[in-house]
Amino acid sequence: MKNRSRESLELISGSEVYDQIMADTEIAPIILAGIPKITINGGTLSSNRAENDGGGAFQDENTEFLVYGESTDISKNEAAGSGGAVYISKGTATLKGGKIYGNKAKENGGALYVNGNLSVTNGLVNNNSANNGGGICLEGGNVTISDGEIHSNIASQNGGGLYVYNSSDTERSVSFSGGTFENNEAKAGGGVAVEGKITLTIENTDFQGNSAENGGGVYMNNGAKMSYISGLIRSNT
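This structure is a prediction, so every number in the text was calculated from the model and none was measured.

Here is what the cut-offs are and how they apply
- Residues numbered from 1 in each chain as written.
- Predicted model: local features only at pLDDT ≥ 70, side-chain atom pairs only at ≥ 80, totals over all residues.
- Heavy atoms only, no water.
- Helix = DSSP H or I, 4+ residues; strand = E, 2+ residues; numbered from the N terminus.
- Buried < 20%, exposed > 50% of the residue type's maximum accessible area, 1.4 Å probe, protein only.
- Contact = heavy atoms within 4.5 Å.
- Areas by Shrake-Rupley, 256 points an atom, 1.4 Å probe, with all protein chains shown as cover.
- Pairing = 2+ DSSP bridges.
- pLDDT = per-residue confidence, 0-100.
- Patch = residues over 30% accessible without salt bridge, like charges linked within 9 Å, V, L, I, M, F, W, Y side chains within 5 Å.
- Salt bridge = Lys/Arg side-chain N within 4 Å of Asp/Glu carboxyl O.
- Core = buried A, V, L, I, M, F, W, Y, C linked by side-chain atoms within 4.5 Å.
- Polar contact = N/O pair within 3.5 Å; in protein donor to acceptor, adjacent residues only side chain to side chain.
- Phe/Tyr/Trp six-rings, centres within 6.5 Å; stacked < 30°, edge-to-face > 60°.

Some points on the overall build of the protein
Check the secondary structure of the protein and you find 0 helices and 29 strands. Taking all 237 residues of the protein together, 50% fall into the buried category. Sequence-distant contacts, at least 24 apart, represent 82% of the contacts inside the protein between residues at least 6 apart. Of the roughly 9,700 Å² of accessible surface on the protein, a fraction of 41% belongs to carbon and sulfur atoms.

Shown next as structure tokens:
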């Protein structure tokens, strides 16, 4: 584990934050609180839980959260609020690799809750669960996904794989240029649910085997618009 200053923290191969319990956001795991830049590269963030938000990590400041490395393991974290593994109230999350699986949130974002921007270029997000955004929940920002797998996540309400919500009058964008949404489940938007003043662009992205009462693959609501260019959409129910 590297932590040269309060300006950044890096979990590298062999580093672990494991089996911690947060009674509130001011205590353990304290090493992940109040740090502007967090990098997980081959480390482990597993089996932690919070009685509020952010089972593994909670950030209430401008934050850059970066995940990469094939051996990165973010798993089996739980939050009674939002962000089963990671909660970022304001900032940017970038996923370039690793496995994020088996995390749970009672509210939003089974794996990740981000109030800000999200970029996914690689990695696996699977078998996470929440009320909204079984895999990932993003509010008030933009999303770009060019690769990676988001599958087998469950939301009891909206967005089995990904839920994006915009309550402001500022136009936001969600852009898919690759990647796979497969076997995700929700009440609305088995693969993806998008709500508010948002434009969704889909190109070279696969939606397969997702299921929902409304919008097995993709669900649009409250003024959201979609531009479909190419991809594979099949066997969604």
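Overview of the pairing of strand 23 (residues 192-196)
Within strand 23, 5 of the 5 residues are buried, which leaves the element mostly enclosed by the surrounding structure. Across 5 bridges, the pairing between strand 19 (residues 162-166) and strand 23 is parallel. Its bridge partner being in strand 23, Leu-162 is matched across the sheet by Val-192.

Looking at the confidence of the model for the protein
Taken over all residues, the pLDDT of the protein has a mean of 86, while the share at 70 or more is 85%. Under a pLDDT of 50 for its full length, residues 1-6 has, in the predicted model, 16 contacts with residues more than four places off or in other chains. Note on residues 11-31: pLDDT under 50 across the span, and 57 contacts to partners over four residues away in sequence or across chains.

Section: a nonpolar patch on the surface
On the surface, Met-226, Tyr-228 and Ile-233 cluster together into a nonpolar patch covering about 300 Å² of accessible area. Residue position: Ile-233 is located in strand 29 (residues 231-234). Owing to a relative accessible area of 46%, Ile-233 belongs among the partly exposed residues under this scheme.

Topic: the nonpolar core
In this structure, Leu-162 and Phe-176 are the most contacted members of the largest nonpolar core, which totals 36 residues. By size, the runner-up hydrophobic cluster in this structure holds 6 residues, among which are Phe-58, Tyr-87, Tyr-113 and Cys-137.

Focus: the side chain of Asn-132
Mapping Asn-132 onto the fold places it in strand 14 (residues 129-132). When its relative accessible area of 11% is taken as the criterion, Asn-132 is described as buried. Here the side chain of Asn-132 touches Asn-158 through a polar contact of 2.9 Å, side chain to side chain. Residues within four places of Asn-132 in sequence aside, it is in contact with Glu-107, Asn-108, Gly-109, Cys-137, Ala-155, Gln-157, Asn-158 and Tyr-163.

A closer look at the packing of aromatic side chains
Evaluated as defined, the whole model comprises 6 aromatic pairs. Here Tyr-163 and Tyr-165 contribute two aromatic rings whose centre-to-centre distance is 6.4 Å and whose plane-to-plane angle is 15°, an arrangement assigned as stacked. On the basis of an interplanar angle of 40° and a centroid distance of 5.2 Å, the ring pair of Phe-176 and Phe-181 is categorised as tilted. Its relative accessible area of 1% is what places Phe-176 among the buried residues. Clustering of aromatic rings is evident, with ring pairs tying together Phe-58, Tyr-87 and Tyr-113.

Notes on the side chain of His-151
Mapped onto the fold, His-151 is located in strand 17 (residues 149-151). A distance of 3.1 Å separates the side chain of His-151 from the side chain of Ser-152, its partner in a polar contact. Contacts of His-151, omitting those with residues within four sequence positions, involve Leu-124, Val-125, Asn-126, Asn-127, Glu-182 and Asn-184.

Considerations on the environment of Ala-155
With respect to the element layout, Ala-155 can be found in strand 18 (residues 154-158). Note: C-alpha distance between Ala-155 and Ser-129 (26 residues apart in sequence) is 5.7 Å. Those residues in contact with Ala-155, other than ones at most four positions away along the chain, are Ala-130, Asn-131, Asn-132, Gly-133, Gly-134, Gly-160, Glu-185, Ala-186 and Lys-187.

Regarding the environment of Ser-235
Among the structural elements, Ser-235 can be located in the segment after strand 29. Setting aside its immediate chain neighbours within four residues, Ser-235 contacts Gly-209 and Asn-210.

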